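Examination of the molecular architecture
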Amino acid sequence: MKLHVSLLAKCIELPSSVITELRHVLDDLGLEVKDVEGEGASAVFNLETLANRGDHLFALGVARELSARYLSPIKHPSMVPAFQDLKPSLPVRRLTEACSRYALLEVELPKNMVIRPDVRAIMYAAGQSGVAGESNKPAIVDTLNFVQLELGQPMHAFDREKIDGEIIIELTQGKETIEALDGNSYQVPPGAIIIKDRKKIVAVAGVIGCSNSMVSSSTTRVLLESACFDPVHVRKTARAMGLSTDASYAFERGSDVEMVVPALRRVVFLAGGAGGAIKEEAGAHVIGLTIADAPQKERHKIPLSIKEIRNQMNLPRLSDVEIVTRLKHLGFLIEPGVAEGDQFAVVPSWRVWDIRNAEDIVEEVVRCFGLSRVKQELPPLAYEVPEAPALEQLVAKLEPLLLGQGFFEVMTRSYYSAEVAGYLEKVAGKRLPTHVRINNALEKGYSHLKVTNLVHLAELVEENQKHGVRGSRVFEIGRLFSPDFAEKDGYAFEREVISLACAGRWSDNEWRKPESLEQRVQLFRGVLDGLVGAVGQGVSVSESDEPLLHPGVQGSLKSGRSICGHFGLIHPELAALLGLKQPVLYAELEASVLGRVSGERSFELPSDFPSVKRDITLKIPLRDRVGRVERLISEAKLQNLFEVSVADDFRKEGEEFRRATFRLVFQSRERTLSHPEVDAGMEQLLASLKEKHQLELAV
C-alpha cells in the first residue's frame, strides 16, 4: 500500500520531530515500511499491510494510529452536507446478504471535466495514474481513486447510458465469462458477487468492472457505485479469477460499512466545485441516489478491564483516563455496563473484521503506547489454581486404581487400515459406527479413524505374549471418532472413552495354577466394579449385545439408570481375523457418562450387631446370566438385606442347567437379628423367584 505523506498531513497534525522519524514510528505501530520514495512532504511510503487490517490501506486509517500514539486530533476531509431530498436513481435489487450496503449515486459530468489541483498532485504522480505528469483515465475515475487513498472506500463508475433499466446484486450460480476493464476475458466462478443490469453483467463486485459499462473522457452522466462486500467472497473470487486489483486488495481485508455514503459525499465535494478549487459550472452535479441496505447489526461490544490491561503491560500505575483516551482516539466508544464499574468497548465499524475479544483490546492499547514501554519482566503470578477439566478429574480418580491392579497405561494410534475396518464391518455389520475415512492418508495403515480401541489393545497384549509376558493388562484414555457420535454425545465426531484389555495369567505366582477363563472374567469385572465405584456410584451388570464381543461372554455396566460401558470376551470371529492366539478380555467405559454420574462417595460406619449369612443355590438356564439373577435378588428389597454376591457358578456333567450359588448377608444397625425372621425372609424370596421368574433351588 502506498501512503502519501502529503495526504497523511491533511488528516492529522504531527510535531515536526515526528515527521522526520515517521518511518520508525510506523514500524513501531506494526505498519512495516518496506521502502520510501521521495523525501519530506512529497514522500511516499510503501507499507506491508496485514490480511485483516483494511483500515491500514488509506491515510485516515493510518492517521488514527498516530492519533492514538500522540493524542493528536483527527482532521476529517471536507464533504458536502448529507444528501437530502434527492430523487432515487436507478432501482437497485440486493439479492444476496454478501452485500451489506450498496449506494448508487447518479452524477452529471461537464464536458472536459477539470480535476482539482490537489487531486492532480497525487494521482498524476508516478505509479498512481499512468506516467508522471499525465493521466490516461477520466477525471472522475482519478477522483474516485483519490478518495480511496484518503478514506479507504473502493468505488466504481458506470456509464449511465450503457446501463439498462436497473442494478441487481446477486451470486453467480455457474461459471460466467466477462470482458474486463483491462481488455482481458475472465472466468467468474460460481458463488461470486456480481453486479448486473437487466441484460448483462456490468461488474464483478469488489474485483473489477466490465468494459461494457466503462466510462470514457466523453461520458457526461455516470453512476457512482459505493458498497460494502463480504471479504471472504471477494477473496475467493479474486483468487479464482487470478486477479488482484486495488479494490479487491481493500475489500479482502474488510471495508467500513459506514463509509459507503460519506465517501460519495467526499467525491461530490472534490468533483462538484465545492471549496472553490474549481468553478462550480466546471464541476459535477448530483442527480439522484439509491441505497440498498441490509438490516444493520448491533455494534460488537467487548468487556473492558482496565485492571487486566495494566497487568498485561506491567504498568500498575497507568491511569484509567489515559487508557480510555487512547482507545477513543482509535475510534472505540466506551460505554458503562449494567453493574457498577463495568465498562464495554464498542468496536468501530472499520474494525469489525479483526477485533473479536478482550485480548485484541489489550493489543490495541499496547501498540498505542509502544512495545518499548512494556516492562521486560514477567507479570506477578496468580495464586488461584483453576479447576481441572472434568476428564482430568475423572482420570485422577481412576488412574491410581488401575495402576494398583497391575494395568499399564498405553497410547495407541487414532487410525487403522482399511483391512482392519473391513474386519470390524464383517463382524458387526450395520451396527458398527460409521468410519471417518482419510482420503489423503500418508500410509495405508492410517486410512480410517478408529471407532473402537479394541483392535489396538488386543494386538498389543498379543504382542506382549509373543515376547514372553504371561499376563498383560493395559488401559488407555483416549478418543474414538465417528459422525454417529454427534447425536449420542452432543458434539460431532469424537467421544472420550477409557479402554481396558487383558490376556493371559492374572497372578504372577509360579506355583499357582493359571486361572480359568471364568475366573479371569470375574477378576476383570471386579476391576470394572471398582472403577465405577471410585466415582462414587454403585454398579450392576446387565445384558449386553455388543457386536464385537462374544455373544455369551459380555455384559453392560450400569450405574443407576445410565449404561456407562460394556465388557466381555472379543468375538471369536474377530479374534480369528486379527490372528489372536489366546482369549482377550476388553472393556470400554464412557468418560462422559462416568463424569455425569460422578459424585462424592459416602461411607457409613459398620454396624455393631452381628450379621447372618445364607447361601442358596439356584438352577439357572444355560443362556441366562448370573448377574441378572443377582440383580433380581437385590431388587426384591428384603428387610435387613445388606449385601448379595455370587459365591459360585458351575455346571454338573449331563445337566441342562447351571448351578449358581448366591450369598445373602442380613444385618441390622439397631439390633441382633434372629434366625427365624431371616428364614422367613428367605422363604419369601424363594417363593417370589419361583412364581415370577421360574427359578428354583438346586438339590
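Check the entry above for the structure.
**Side note on the overall build of the protein**
When helices and strands are counted, the protein shows 21 helices and 30 strands. For the protein, the C-alpha radius of gyration of 39 Å lies well beyond 27 Å, the compact-globule estimate for 699 residues. Taking the principal axes of the C-alpha coordinates as reference, the protein spans close to 120 × 60 × 55 Å. For the protein, with 699 residues in total, the buried portion stands at 48%. If you take every contact in the protein between residues at least 6 apart in sequence, the share linking residues at least 24 apart comes to 70%. Per element, the accessible surface of the protein, about 36,100 Å² overall, is 50% carbon and sulfur. Here the protein contributes 85 positive and 97 negative side-chain charges, whose respective centroids are spaced 2 Å apart.

**With respect to the pairing of strand β10 (residues 193-196)**
As paired elements, strand β7 (residues 167-171) and β10 share 4 bridges and run antiparallel to each other. Looking at β10, one finds that Glu 170 is bridged to Ile 194. Of the pairings in the sheet, the one linking β10 to strand β11 (residues 201-204) comprises 3 bridges and is antiparallel in character. Along β11, the bridge assignment pairs Lys 196 with Ile 201. The turn joining β10 and β11, which pair antiparallel and follow one another in sequence, is formed by 4 residues.

**Structural notes on the nonpolar core**
In this structure, Leu 3, Leu 26, Phe 45, Leu 47, Leu 66 and Leu 224 are the most contacted members of the largest nonpolar core, which totals 62 residues. Ranked by the residues each element gives to this core, the list is headed by helix α9 (residues 260-271), at 9 residues. Discounting residues that sit within four places of it in the chain, Phe 45 has contacts with Met 1, Lys 2, Leu 3, Val 5, Leu 22, Arg 23, Leu 26, Val 33, Asp 35 and Val 36. Counting 35 residues, the second-largest nonpolar core is a separate cluster that includes Ile 178, Ile 201, Val 202 and Leu 223.

**Here we look at the pattern of salt bridges**
Tallied over the full model, the rule gives 45 salt bridges. Between Lys 75 and Glu 13 there is a salt bridge, with its nearest N and O atoms 3.9 Å apart. Remark: Glu 13 occurs in the loop between α1 (5-11) and α2 (16-20) and Lys 75 occurs in the loop between α4 (59-70) and β4 (92-94); sequence separation between them is 62 residues. A salt bridge links Glu 258 to Arg 299, with the nearest nitrogen and oxygen atoms 3.2 Å apart.

**Topic: the environment of Lys 430**
With respect to the helices and strands, the residue Lys 430 is situated in the loop between α14 (418-428) and β20 (436-437). Relative accessible area serves as the criterion here: at 89%, Lys 430 is assigned to the exposed category. When the C-alpha positions of Lys 430 and Ser 540 are compared, they lie 28 Å apart, and in sequence the two are 110 residues distant.

What counts as what
Residues numbered from 1 in each chain as written. Predicted model: local features only at pLDDT ≥ 70, side-chain atom pairs only at ≥ 80, totals over all residues. Heavy atoms only, no water. Helix = DSSP H or I, 4+ residues; strand = E, 2+ residues; numbered from the N terminus. Rg over C-alpha atoms; globule rule 2.2 N^0.38 Å. Buried < 20%, exposed > 50% of the residue type's maximum accessible area, 1.4 Å probe, protein only. Contact = heavy atoms within 4.5 Å. Areas by Shrake-Rupley, 256 points an atom, 1.4 Å probe, with all protein chains shown as cover. Lys, Arg positive; Asp, Glu negative; His and termini not counted. Charge placed at Lys NZ, Arg CZ, Asp CG, Glu CD. Pairing = 2+ DSSP bridges. Core = buried A, V, L, I, M, F, W, Y, C linked by side-chain atoms within 4.5 Å. Salt bridge = Lys/Arg side-chain N within 4 Å of Asp/Glu carboxyl O.

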